[in-house]
Amino acid sequence: MAIITKNINEALSILNSGKLIGIPTETVYGLAADATNEKAVQQIFKVKNRPSNNPLILHFPNLDAAIPYFKNPTKKIEILAEKFWPGPLTLLLDRSDLVPEIVTAGSKRVAVRVPAHPLTLQLLEKFNKPLAAPSANPSGYISPTTPWHVEKQLGNKIPLILDGGPCSKGIESTIMGWNENNVPVVYRLGNITPEEIGQCIGTTPLVLNKSEKKLEAPGMLSKHYAPKTPTLITDNLEMAINKHLNKNLGIIRYMPANATNKNHTEFVLSETGNLNEIARNLYAKMHEMDALNLDLIVIEAMPDEGIGIAINDRLRRASTYRS
Ligand code: TXA
Ligand code: MG
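Residues numbered from 1 in each chain as written. Chains lettered and ligands numbered in written order. Predicted model: local features only at pLDDT ≥ 70, side-chain atom pairs only at ≥ 80, totals over all residues. Heavy atoms only, no water.

### Regarding the packing of aromatic side chains
- A complete count under the given rule lists one aromatic pair for this structure.
- Their ring planes at 45° and their centres at 5.2 Å tell us that Phe60 and Tyr69 sit as a pair that is tilted.
- Overall, the relative accessible area of 1% leaves Phe60 in the buried class.
- Overall, Tyr69 belongs to the buried group, its relative accessible area being 12%.
- Residue placement shows Lys228 over the ring face of Tyr141; its charged tip is 4.1 Å from the ring centre.
- It is Lys285 that lies over the ring of Phe267; its NZ or CZ is 4.8 Å from the centre. (Phe/Tyr/Trp six-rings, centres within 6.5 Å; stacked < 30°, edge-to-face > 60°. Buried < 20%, exposed > 50% of the residue type's maximum accessible area, 1.4 Å probe, protein only. Lys NZ or Arg CZ within 6 Å of the ring centre and 35° of its normal.)

So this is what it looks like as structure tokens:
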């Protein structure tokens, strides 16, 4: 059992002793360590069972605090930080020598973000060093969006979880950077869309999809963000349900339908089909369903628009098979 608390000083003393804590962000909960302490960072890989070639995001309280950790600050970086930080945008930038090798897993670039959560921002201000933090889940599993998700998955491996309540956004940050030709690229879709970034910097980034051979972020790999229960994402929910009628099904609809299936466990993500609400509720509902020992979870794909594109992308990666 980890201590679940709002006490920042307790959190700081654990971080200072080289141990890990759960931290709230607006996207998902993170598993945080002092990024300048190599041994502490090593623990992150161990606790998550994360391959050591999968680099970590550094978290800062503001752009100024991040500047020593990357090279070549540009006007565009400044404009993006001004517009979206604190917020769910991670920038892939050229790393400076201050970044320990273990954080970037040998890459020349470092991922940097300023999370929009008051408790974690206070913690970062006081800590005065970057926190390395991946999502606080065992590698490959669904990210946590409440302190209790963290407790359930990693509570026996970490001493403390900072309690910031449920995450307001609910899916991991958008990751973007510039490729070798200085073309902006989104490597992981998230709350901030490529179009919004484009409006800010004058060019809409390319989206590097998983069919491209060179994967820059392992989060772009398929089979990620997945429940333990076999999971199916479908554009045609009724057809999928009919096909698997003999199974003990869990059904997740993105909005209410006329016909409900009384024989199955059914969750609805938003009464009005609001995509922000859907994103906020999705992982909690997936965690809840996964605890029910069902044969199959069937999830209805949302409209492919705005943040719906990012949500569908996550769901396809969570899906054991396609309908
Ligand atoms: O919303 C988020 O970004 C959350 C919260 C806790 O901040 N963090 C998160 O971290 O989702 P993680 O480790 O679960 O996903 C980060 C992704 C991984 O796919 C990793 O491969 C990629 O970012 N990444 C990190 N540093 C990178 C680098 N230097 N080069 C390429 N990809 C990188
Ligand atoms: Mg993750």
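Having put the structure on the table, let's press on.
### Examining the layout of surface pockets
- What the second largest pocket holds in volume is close to 300 Å³.
- In this structure, the second largest pocket is lined by 16 residues; those nearest its centre are Thr74, Ile77, Asp94, Trp178 and Asn182.
- Put simply, the parts of the chain that give the lining of the second largest pocket at least two residues each are helix H4 (75-84) and strand S5 (89-94).
- For the lining of the second largest pocket, the leading source of residues is S5, giving three residues.
- Each residue belonging to the lining of the second largest pocket can be placed in one class, and the counts come to six nonpolar, five polar and five charged. (1 Å grid on protein atoms, 1.4 Å probe; cavity = no way out; pocket = protein on both sides within 12 Å on 5 of 7 lines; lining within 4 Å. Points joined across faces, edges and corners; volume = space filled by probe spheres on them. Helix = DSSP H or I, 4+ residues; strand = E, 2+ residues; numbered from the N terminus. Nonpolar A, V, L, I, M, F, W, Y, C, P; charged D, E, K, R; others polar.)

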